[in-house]
Amino acid sequence: MMTTKSFDISLEAVKEAWKRVKSNKGSAGVDSQTIEEFEKKLERNLYKIWNRMSSGAYFPPPVRAVGIPKKTGGERILGIPTVADRVAQMVVKMYFEPMVEPHFDADSYGYRPNKSAIEAVRVTRERCWRNNWVLEFDIKKLFDTVDHELLMKAVKRHTGNKWIILYVERWLKAPFIREDGTQIERTQGTPQGGVISPVLANLILHYVFDKWMRKEFPSLPFCRYADDGVIHCKSERQAKYVHDMLVKRMKAWKLGIHPDKTRIVYCKDEDRQGEYENISFDFLGFTFRPRLSKNRWGKVFVNFTPAVSKEALKAIRAKARKYKLNLRCDKTLKDLSNLFNPILRGWVNYYGNFCKSAMYPTLEHINRRLVRWVMRKHKRFRKNPRAARHWLGEIARRESKLFVHWQMGIYPALES
């Protein structure tokens, strides 16, 4: 006997959602079930999700709240749904994202298909060359404070699909559970870490910021990556006016601008004279500031351009320390390469897009940790760092493919 489902949700869509969740990996939620454990009873688990979602009986479990230290200090609360709930959210995202994506602004780059952070940095660099001033802004605790009623109005503006609306509302209300077991009821915000949250964040900011900018300041270029952004202005006076208007706009939508991460910056270079308090800003892990550059004819000039930020370099060194390469004496150099080189390649591929030389001191720091590994691994080098560095330097030149920075020519120094 066939049972009639309330909502027309495809079982194939649930299976596809699982594939995407699995490829994204991620930690266990409040039920402690890992992706590997979920997969052991895959057909049963997927059928259960489909059955409950298509009948309207799916209720999301609480979200595991984890504190993540910020690069600039403080803590960001990351919400980790269960594996099953991530699959359910992915189903809704697969249906809902194509409905809203065509409406989003070309200068919104965060968490969108066929958009990237590097693309945002590149377009910002070019616009800094053409505009003297930048208003750098950060929306304070967007994922924690977005108003549910206003967000649902935006959702309903793009879909009349009852089950999408139903489940989005339920996810917004799902409580947090902290590490100590404390449960926190939620009346605002959309958990940073949820599968559906980035789409919802882009949706609300499409109306709060993007469309507003196009209407009120159509001549001013901007670039937004989720809750961070820059607005290019022709003068300091104009930048101050836009700032004041932006503060009012955010307040009207029950949001706020972070006072410490929002400022007006002069894009000083060879042709821009004058002394100003702020001549640099950080955006997406890069610091934009005046730097010495060479043109195609070899002439040195001052250019306003990005390079990896001090905070990003600090985070890279901290990650390198966390891997404790120098203590892994049970590993071969090839083992260390397999372990760490993919991470190293990711950093170089991202931060090396602009002013790659800014990374060199930190990449040399990686070499120093590898030299310390040589000294612990091999007794003959234990008290002779110079010889260890020379030995590793010869290997680096001979087998440069082991580490991506060796392929860039950043070897341990050869010394006799």
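Fair warning: this is a prediction, and the values are worked out from it, not measured in the lab.

Rules of the game
Residues numbered from 1 in each chain as written. Predicted model: local features only at pLDDT ≥ 70, side-chain atom pairs only at ≥ 80, totals over all residues. Heavy atoms only, no water. Patch = residues over 30% accessible without salt bridge, like charges linked within 9 Å, V, L, I, M, F, W, Y side chains within 5 Å. Areas by Shrake-Rupley, 256 points an atom, 1.4 Å probe, with all protein chains shown as cover. Salt bridge = Lys/Arg side-chain N within 4 Å of Asp/Glu carboxyl O. Lys, Arg positive; Asp, Glu negative; His and termini not counted. Charge placed at Lys NZ, Arg CZ, Asp CG, Glu CD. Helix = DSSP H or I, 4+ residues; strand = E, 2+ residues; numbered from the N terminus. Pairing = 2+ DSSP bridges. Axes fitted to C-alpha atoms, helices over the stretch in contact; angles between N-to-C directions. Phe/Tyr/Trp six-rings, centres within 6.5 Å; stacked < 30°, edge-to-face > 60°. Buried < 20%, exposed > 50% of the residue type's maximum accessible area, 1.4 Å probe, protein only. Lys NZ or Arg CZ within 6 Å of the ring centre and 35° of its normal. Core = buried A, V, L, I, M, F, W, Y, C linked by side-chain atoms within 4.5 Å. Contact = heavy atoms within 4.5 Å. Polar contact = N/O pair within 3.5 Å; in protein donor to acceptor, adjacent residues only side chain to side chain. Expected span 1.5 Å × (residues − 1). Bend = angle between axes of the 7 residues up to and from the residue. pLDDT = per-residue confidence, 0-100.

Explain a positive patch on the surface here, please?
Residues Lys41, Arg44, Lys48 and Arg52 make up a contiguous surface patch of positive charge. Along the chain, Lys41 turns up in the loop between helix H2 (35-40) and helix H3 (42-55).

Just checking my understanding: could you explain the sheet that holds strand E11 (residues 300-308) for this structure?
Backbone hydrogen bonds hold the strands of a sheet together, and the pairing may be parallel or antiparallel. Ordered in space as E9-E10-E11, the three strands form an open sheet in which the pairing is antiparallel. Each edge of the open sheet carries a strand with a single partner, namely strand E9 (281-283) and E11. Strand-to-strand twist across the sheet, computed as the mean angle between neighbouring axes with direction ignored, equals 50 degrees. Alignment of E9 against strand E10 (residues 286-294), held across three bridges, turns out to be antiparallel. For Phe281, the partnering residue across the bridge sits in E10 and is Phe288.

Quick question: what am I supposed to make of the packing of aromatic side chains here?
Centre-to-centre distance and the angle between the planes together describe a pair of aromatic rings. The final tally for this structure, using the stated rule, is 23 aromatic pairs. Between Tyr58 and Tyr167, the aromatic rings sit 6.0 Å apart at their centres with planes inclined by 75 degrees, giving edge-to-face as the arrangement. Of the two residues, Tyr58 is situated in the loop between H3 and strand E1 (63-69) and Tyr167 in helix H8 (residues 162-173); the sequence distance between them amounts to 109 residues. This pair shows no difference in class: Tyr58 is buried, exactly as Tyr167 is. Taken together, the ring pairs connect Phe286, Tyr350, Tyr351 and Phe354 into an aromatic cluster. Over the aromatic face of Tyr109 sits the side chain of Lys115, whose NZ or CZ is 4.6 Å from the ring centroid. Sitting over the face of the ring of Phe59, Arg170 holds its NZ or CZ atom 3.8 Å from the ring centroid.

Would you mind going over the pattern of salt bridges with me for this structure?
Working definition: two side chains of opposite charge can pair if their charged atoms are close together. For the coordinates displayed, the defined rule picks out 13 salt bridges. Across the salt bridge formed by Asp105 and Arg214, the nearest N and O atoms sit 2.7 Å from each other. Of the two residues, Asp105 is situated in the loop between helix H4 (83-100) and helix H5 (117-130) and Arg214 in helix H9 (residues 197-216); the sequence distance between them amounts to 109 residues.

Sorry, what's going on with the nonpolar core here?
Nonpolar side chains in soluble globular proteins tend to be buried together. One finds Met53, Val92 and Ile231 to be the most contacted residues of the largest nonpolar core, which totals 70 residues. Here this core gets eleven residues from one element, more than from any other, and that element is H9. Met53 has contacts with Phe7, Ile9, Tyr58, Ala88, Val91, Val92, Trp163 and Tyr167, leaving out every residue within four places of it along the chain.

Please explain the sheet that holds strand E8 (residues 263-266) as it appears in this structure.
The four strands are arranged E6-E7-E3-E8 in an open sheet whose pairing can be described as antiparallel. Either end of the sheet is taken by a strand with one partner, and the two such strands are strand E6 (222-225) and E8. Here the strands of the sheet are splayed against their neighbours by 20 degrees on average, with no regard to which way each runs. Relative to strand E7 (residues 228-233), E6 is paired through four bridges, and the arrangement is antiparallel. Note on E7: the bridge partner recorded for Arg224 is Gly229. Those strands touched by H5 are strand E3 (133-138), E6 and E7, and its axis lies near 160 degrees from that of E6.

Explanation requested: the side chain of Thr262 in the structure shown.
Turning to its location among the elements, Thr262 is positioned in the loop between helix H10 (236-252) and E8. Of note is the side chain of Thr262, whose polar atom sits 3.3 Å from the backbone nitrogen of Asp138. A distance of 2.8 Å separates a polar side-chain atom of Thr262 from the backbone oxygen of His258. Every residue in contact with Thr262, bar those within four places of it in the chain, is listed here: Leu135, Glu136, Phe137, Asp138, His243 and Ile257.

Would you explain H5 in this entry?
Since the α-helix advances by 3.6 residues per turn, residues separated by three or four positions end up pointing in the same direction. Taking 1.5 Å of rise per residue, 14 residues should cover 20 Å, and H5 covers 20 Å from first to last C-alpha, within 8% of that figure. Listing the buried residues of H5 in full gives Ala117, Ile118, Ala120, Val121, Val123, Thr124, Arg125, Arg127 and Cys128.

What's the story with the environment of Val308 in this structure? I'm lost.
Looking at the secondary structure, you find Val308 in strand E11. Classification of Val308 by relative accessible area gives buried; the value is 6%. Separated by 25 residues in the primary sequence, Val308 and Phe283 place their C-alpha atoms 9.7 Å from one another. When neighbours within four sequence positions are excluded, Val308 is seen to be in contact with Gly285, Phe286, Thr287, Leu313, Tyr351, Ala358 and Met359.

Explanation requested: the environment of Leu325 in the structure shown.
Secondary-structure assignment places Leu325 in the loop between helix H11 (310-323) and helix H12 (333-351). With relative accessibility at 1%, the residue Leu325 sits in the buried group. If we skip the residues at most four places from it in the chain, Leu325 touches Ala320, Leu336, Leu339, Phe340, Leu370 and Trp373.

Teacher, can you tell me more about the pairing of E11 here?
A regular strand places its side chains on the two faces of the sheet in alternate fashion. Bridge analysis of E10 against E11 gives nine bridges, and the strand direction is antiparallel. Bridge pairing links Phe288 to Pro306 in E11. The loop that links E10 with its antiparallel partner E11 comprises five residues; one of these, Gly298, has a positive phi angle of about 85 degrees.

Help me understand H9, please; the structure alone is not making it clear to me.
The end-to-end C-alpha distance of H9, which contains 20 residues, comes to 27 Å, matching closely the 28 Å that a straight helix rising 1.5 Å per residue would cover. His206 marks the point of greatest bend in H9, at about 50 degrees. Taking burial as the measure, the 20 residues of H9 include 16 buried ones, the bulk of the element.

Honestly, the confidence of the model for the protein in this entry has me stumped. Any pointers?
In this model, the protein carries an average pLDDT of 92, and 97% of its residues clear a pLDDT of 70 or more. Within the protein, E6 carries the highest mean pLDDT (98), whereas strand E2 (residues 75-80) carries the lowest (82).

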